[in-house]
Amino acid sequence: MSIETSQRIVIKIGSALIAPEQDGCRSRYLLNIAQFIVQCRAKGKEVLLVSSGAVAAGSHLFKNKDKSSVAVKKAMAAAGQTEMISTWERFFDFPSAQLLLTHGDLRDRDRYNSIRETLFTLLEQGILPIINENDAVTTDELKVGDNDNLSAMVAAAADADCLIICSDVNGLYDKDPNKNPDARLLDTVGELTPEIYAMTGGPTSSVGTGGMRTKLQAAEKATSHGIVTYIVNGFNEDTFSGLLNGANPGTRFMPYDTPMQEAVHWMTHTASEQGELIVEASEFDELSCDELSCDDIVAVNGDFSAGETVLVRNEDGQKLAKANSNYSSCLLNFIAQQDKDIVTEKVQDSIGPVISQNDIAVFEERKS
Ligand code: GLU
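Residues numbered from 1 in each chain as written. Predicted model: local features only at pLDDT ≥ 70, side-chain atom pairs only at ≥ 80, totals over all residues. Heavy atoms only, no water.

Engineer: Just to check I follow, could you spell out the pattern of salt bridges for this structure?
Structural biologist: Pairs can form between side chains of opposite charge once their charged atoms are near each other. With the rule as written, the count across this model stands at 16 salt bridges. Ionic pairing is found between R107 and E141, a salt bridge with its closest N-O pair at 3.3 Å. Placement of the pair is R107 in the loop between α5 (103–106) and α6 (109–124) and E141 in the loop between β4 (128–133) and α7 (147–157), with a sequence separation of 34 residues. Accessibility expressed as a relative area gives 16% for R107, which makes it buried. Between E276 and R313 there is a salt bridge, with its nearest N and O atoms 2.9 Å apart. Residue E276 is found in strand β9 (residues 275–279), and its partner R313 is found in strand β11 (residues 309–314); the two are separated by 37 residues along the sequence. (Salt bridge = Lys/Arg side-chain N within 4 Å of Asp/Glu carboxyl O. Helix = DSSP H or I, 4+ residues; strand = E, 2+ residues; numbered from the N terminus. Buried < 20%, exposed > 50% of the residue type's maximum accessible area, 1.4 Å probe, protein only.)

Written as structure tokens, this is what we have:
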């Protein structure tokens, strides 16, 4: 499996490649990457670009400010984003489009579908989508936080078949290459086991927010959607000629043989839970994890609206599934205080079950 057979590619570029000195954008490393995008398109492939670098690009405009302040960071992102986009646009003689997303957008099923629709329409028109997190508006609660995970969410949303994460390291090593001269670069990873995660150290770059751990999380998200994922060194010119020739210049993560269904993948890897439903494990098993009614719920934790994602746990705290609740926490708590038989029946007749069959992602170890 190589990029030769891939049709729709997401390429993620880290901040260190765009603004290596954190004083505005530099084209030094981008030329190669832009040529790679042009050549992929010339071969008939569709490309989406997830570009970091807004904060690093805008940083030099705030010289006398406290750059650890969230307000300043957001302002740096807003100012740097325009410079970053115009830097990319200079390389291309085809149109591009800017999409700024937050986790709040991606975890809302309607907005997620709306993003998908926009991406598909742009690709159909031959327009290059350039995507970043909307750092200027995000709060801790609403942000993805790093563009590695964002790129995997975008790759899944766009139904891509290849994700290339360009970093300042050659790929995944079996131990920290900065401390161990005998560290070995892994060529191919079949499964992201705890042993693989244990190989990651802290972030390697002083620019940007991602480290090897977020890259592995991204690989997990993407490969479970059936997307082959590469971590490569974007500073190295040979990386891109290698990729075009079907070689693997870094570490390649193999896609799952049986990818998750779209809705289950979204719920597992993109949506985040807004509350919890506690059920009796035996009831959950009896229901074959299909459908949950008010009677099956022992307790409700947190505040959530109807349609939001919740975690389903048993009374021992074991995580059973993630699901969309058709009921708000408020309604569920109200029902719990009433004469269950009468109210439950009435409400369920009009709303249906608390969780419907197609809106539940059961955690792997729960599957028989
Ligand atoms: N969205 C951030 C930016 O444009 C980058 C996040 C990251 O480095 O992963 O500066």
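On we go.
Engineer: Even after reading the chapter, I still don't get unusual backbone geometry, so can you show me in this structure?
Structural biologist: Note: most peptide bonds trans; most residues except glycine with negative phi. At D159, a position not held by glycine, the phi torsion is positive, near 55°. When you line up the elements, D159 lands in the loop between α7 and β5 (162–167). Among the residues examined, D159 registers a relative accessible area of 37% and is labelled partly exposed.

Engineer: Is there a simple way to explain the sheet that holds β11 in this structure?
Structural biologist: Two pairing modes exist for strands in a sheet, parallel and antiparallel, and in both the strands are linked by backbone hydrogen bonds. Strand order in the open sheet formed by five strands is β10-β9-β11-β12-β13, with mixed pairing between adjacent strands. Looking at which strands have only one partner, the edges of the open sheet turn out to be β10 (297–301) and β13 (360–362). Looking at each pair of strands side by side, their axes are set apart by 25° on average, direction ignored. Relative to strand β12 (residues 319–324), β11 runs antiparallel, the two sharing five bridges. Opposite T309, over in β12, you have N324 as the bridge partner. (Pairing = 2+ DSSP bridges. Axes fitted to C-alpha atoms, helices over the stretch in contact; angles between N-to-C directions.)

Engineer: Looking at this model, I keep getting lost on the UniProt feature "binding site: ATP" (unreviewed entry) in the protein. Mind explaining?
Structural biologist: Here the UniProt feature "binding site: ATP" (unreviewed entry) sits at K12, S167, D168, T209, G210, G211, M212, R213, T214 and K215. Mapped onto the elements, G211 comes out in the loop between α8 (194–198) and α9 (212–223). Using a relative accessible area of 9% as the deciding quantity, one classes G211 as buried. If you trace the backbone, T214 turns up in helix α9. Discounting residues that sit within four places of it in the chain, T214 has contacts with D146, D148 and N149. (UniProt positions renumbered as here; feature names shortened; annotations may be inferred. Contact = heavy atoms within 4.5 Å.)

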